[in-house]
Amino acid sequence: MKSSPTHFFFKHNGMLLRLLIFILGICSINRSNFCYDQLFATPATNSITPSSFSAIESSLKQLKIEGYFSFKNFDHVAKDFGNRYHFLPLAVLYPKSVSDISATVKHVFNMGKTTELTVAARGHGHSLEGQAQAYQGVVISMESLRTPAMRFHRGELPFVDVSAGELWINILHESLKLGLTPKSWTDYLHLTVGGTLSNAGISGQAFKHGPQINNVYQLEVVTGKGEVITCSEEKNADLFYGVLGGLGQFGIITRARIALQPAPKKVMWIRVLYSDFSTFSNDQEQLISSKDSFDYVEGFVVINRTGLLNNWRSTFKPKDPLFARKFSSEGKVLYCLEVAKYFNPDETANTDQNIDALLSTLNYIESSLFQSEVSYVEFLDRVHVSEMKLQEKGLWDVPHPWLNLLIPRSKIHDFTQEVFGKILTDTSHGPILIYPVNKSKWIKGTSMVTPEEDIMYLIAFLSSAVPSSTGKDGLEHILSKNKKIVNFCGKANIGMKQYLPHYTTQEDWKVHFGPRWETFARRKSTYDPLAILAPGHGIFKRVSLLQQQ
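None of the values given here were measured: they were computed from a predicted structure. (Residues numbered from 1 in each chain as written. Predicted model: local features only at pLDDT ≥ 70, side-chain atom pairs only at ≥ 80, totals over all residues. Heavy atoms only, no water.)

Considering the pairing of strand β15 (residues 370-375)
And step 1. Alignment of strand β11 (residues 266-274) against β15, held across six bridges, turns out to be antiparallel. Residue W269 lies in a different strand from β15, and its bridge partner there is S372.
And step 2. Sheet topology note: the strand β13 (residues 317-318)/β15 ladder contains two bridges and is antiparallel. Bridging from a neighbouring strand, P318 pairs with F370 of β15. (Pairing = 2+ DSSP bridges. Helix = DSSP H or I, 4+ residues; strand = E, 2+ residues; numbered from the N terminus.)

Structural notes on the packing of aromatic side chains
And step 1. Across all of its chains, the model carries 31 aromatic pairs by this definition.
And step 2. When the centroid spacing of 6.3 Å and the interplanar angle of 85° are considered together, the rings of F159 and Y217 count as edge-to-face. Of the two residues, F159 is situated in strand β6 (residues 159-163) and Y217 in strand β8 (residues 216-223); the sequence distance between them amounts to 58 residues.
And step 3. On the basis of relative accessible area, F159 is assigned to the buried category, the value being 15%.
And step 4. Taking relative accessible area as the criterion, Y217 reaches 31% and is therefore assigned partly exposed.
And step 5. Where W269 meets F316, the ring centres are 4.8 Å apart and the plane angle is 65°; that geometry is what we call edge-to-face. Highlighted residues: W269 in strand β11 and F316 in the loop between α10 (308-312) and β13, separated in sequence by 47 residues. In terms of burial, W269 and F316 fall into one category: buried. (Phe/Tyr/Trp six-rings, centres within 6.5 Å; stacked < 30°, edge-to-face > 60°. Buried < 20%, exposed > 50% of the residue type's maximum accessible area, 1.4 Å probe, protein only.)

Examining the side chain of T254
And step 1. Mapped onto the fold, T254 is located in strand β10 (residues 251-262).
And step 2. For T254, the side chain forms a polar contact with the side chain of E220, separated by 2.8 Å.
And step 3. Setting aside its immediate chain neighbours within four residues, T254 contacts V98, I101, L145, V162, S163, A164, E220, V221 and V222. (Polar contact = N/O pair within 3.5 Å; in protein donor to acceptor, adjacent residues only side chain to side chain. Contact = heavy atoms within 4.5 Å.)

A few points about the sheet that holds strand β2 (residues 91-94)
And step 1. The four strands are arranged β1-β2-β4-β3 in an open sheet whose pairing can be described as mixed. At either end of the open sheet lies a strand with only one pairing partner, and these are β1 (68-70) and β3 (119-122). For this sheet, the mean angle separating the axes of adjacent strands, direction not counted, is 25°.
And step 2. Sheet analysis places β1 next to β2, joined by three bridges and oriented antiparallel. If you follow S70 over to β2, its bridge partner there is V92.
And step 3. Relative to β2, helix α4 (residues 98-110) is tilted by about 150°, and along the sheet it contacts β1, β2, β3 and β4 (138-141). (Axes fitted to C-alpha atoms, helices over the stretch in contact; angles between N-to-C directions.)

Observations concerning the nonpolar core
Note that soluble globular proteins tend to have their nonpolar side chains buried in a common cluster.
And step 1. In terms of nonpolar packing, the biggest core is built from 110 residues, with L197, I202 and L219 touching the most fellow members.
And step 2. The biggest single contributor to this core is β10, with five residues.
And step 3. Once residues within four sequence positions are removed from consideration, L219 is found in contact with L197, I229, T230, C231, F240, V243, L244, I253, R255 and A256.
And step 4. In terms of nonpolar packing, the next biggest core, distinct from the first, is built from 43 residues, F207, I288, V297 and L337 among them. (Core = buried A, V, L, I, M, F, W, Y, C linked by side-chain atoms within 4.5 Å.)

Observations concerning helix α17 (residues 506-513)
And step 1. Listing the buried residues of α17 in full gives D508, W509, H512 and F513. An end-on view of α17 places all buried positions within 135° of arc, on one side of the element. Those residues of α17 that are exposed and aimed more than 90 degrees away from the buried face are E507 and V511. (Arc of directions from axis to C-beta.)

A closer look at unusual backbone geometry
And step 1. We note that L247 has phi near 60°; this positive angle belongs to a residue other than glycine.
And step 2. Inspection of the secondary structure assignment puts L247 in the loop between α8 (237-243) and β10.
And step 3. Taking the relative accessible area as the measure of exposure, L247 reaches 4% and is therefore buried.
And step 4. The backbone phi angle of N493 is positive, close to 50°, even though this residue is not glycine.
And step 5. Mapped onto the fold, N493 is located in the loop between α16 (475-491) and β19 (497-498).

Here it is, written out as structure tokens:
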């Protein structure tokens, strides 16, 4: 029996899927349950009657705004990158100004408890489990908010003021015209500023500069009351820290002031292999703790894959071509260290010496060195290339049952021994990202939840499911593996925290936030007392007379 074209692609085109390793921090605004008992989520009942809908539509149409509302043809906002949750709203707002957003939220707030209407801000649609959707509510298309235009400040502490609906890729291109660049990135740049700042924005630069939420000087926020508030570490600090990593619960970010630094022109991109996890992790931790190190440090796990190094040859040059041809990764658990060094053309000789010195301190498989010299833009936008190839083949819009975990350093060996090779016997469903970050560079007080230890590992299981499959490459099987991993973490007291979290009950959310729940709940009651904003997370119920009844 012949395999389907889709199955053939997933099985034999590992390089494209492997490149998706970098899509973290993804996501626009983002519930140890994962809705395991339901593969695709749909609403059970309708809470708003046709007559109520008509009245709400009429009231929204009467608002004086610069943009417009759409009350039909909005299926696209009822889906996201996870491709499992499909909740239709009542209306979509396409704002042209911050006042459009403020007027809409204030209108819903002034309706009070007489309605269950909610509001969700949607960026580029990279949520995983419906977090940016609002069932029978109002979805705000943040990409429509591109005003005011980017404004750059060049000085001792350069920055750019941008709309929260702007994509990071656009900020990159505009910054480079001035020889500047943001300090910290996600690995996928076609995401909105407001989306990543509502989560954290973690990537291989986080050990050096902290996540993206660490590199913001100021925010403009529309609260759940419709108030427009400018906040920073010095002004309205409680809201500032709450909104950063706050999952959209306290306000909609509408503008951000992003820290910049001088931009390099070139990148030396390097991969090396390890067969022993202890050696691999020791080298990773050494690199993130050194003053003179690479500019980017990540890594990934390869379990029982064929043709690994041959796939790399399309992008990287092997130091030992003969080894690359003969090397077999089948039946093995291997760990790839991925690093990058930024430089300018006139610094090439010194950069090469610096790289050689850094590599000489590492204990990788000597003949497994692969490297590629690329432009700064090519390196940062590397995932978009594979995205376009997958879109051409119709294989981008598949279910993505991703699992992103933060594991404390003291438990990382317990975790890897159980998960890699026992719970998971291959990585054919997608890449597994693994690298340490040092929290000493992170600002304190944000809503982002992490393990208590200073060093933690980000482990991202970036799976893609073959549509309609009931086998090992199907959604049900992958979700069952995710459940086993999460259950192990609980039984073994790993101290894990989810990144881009998704829970189904408030009790689970309380466990997630731990001692910080009280502050989180206080901020909600202060800035969004009716729980109008970001309903897709399921943290708080909309305050209404219907709920009270």
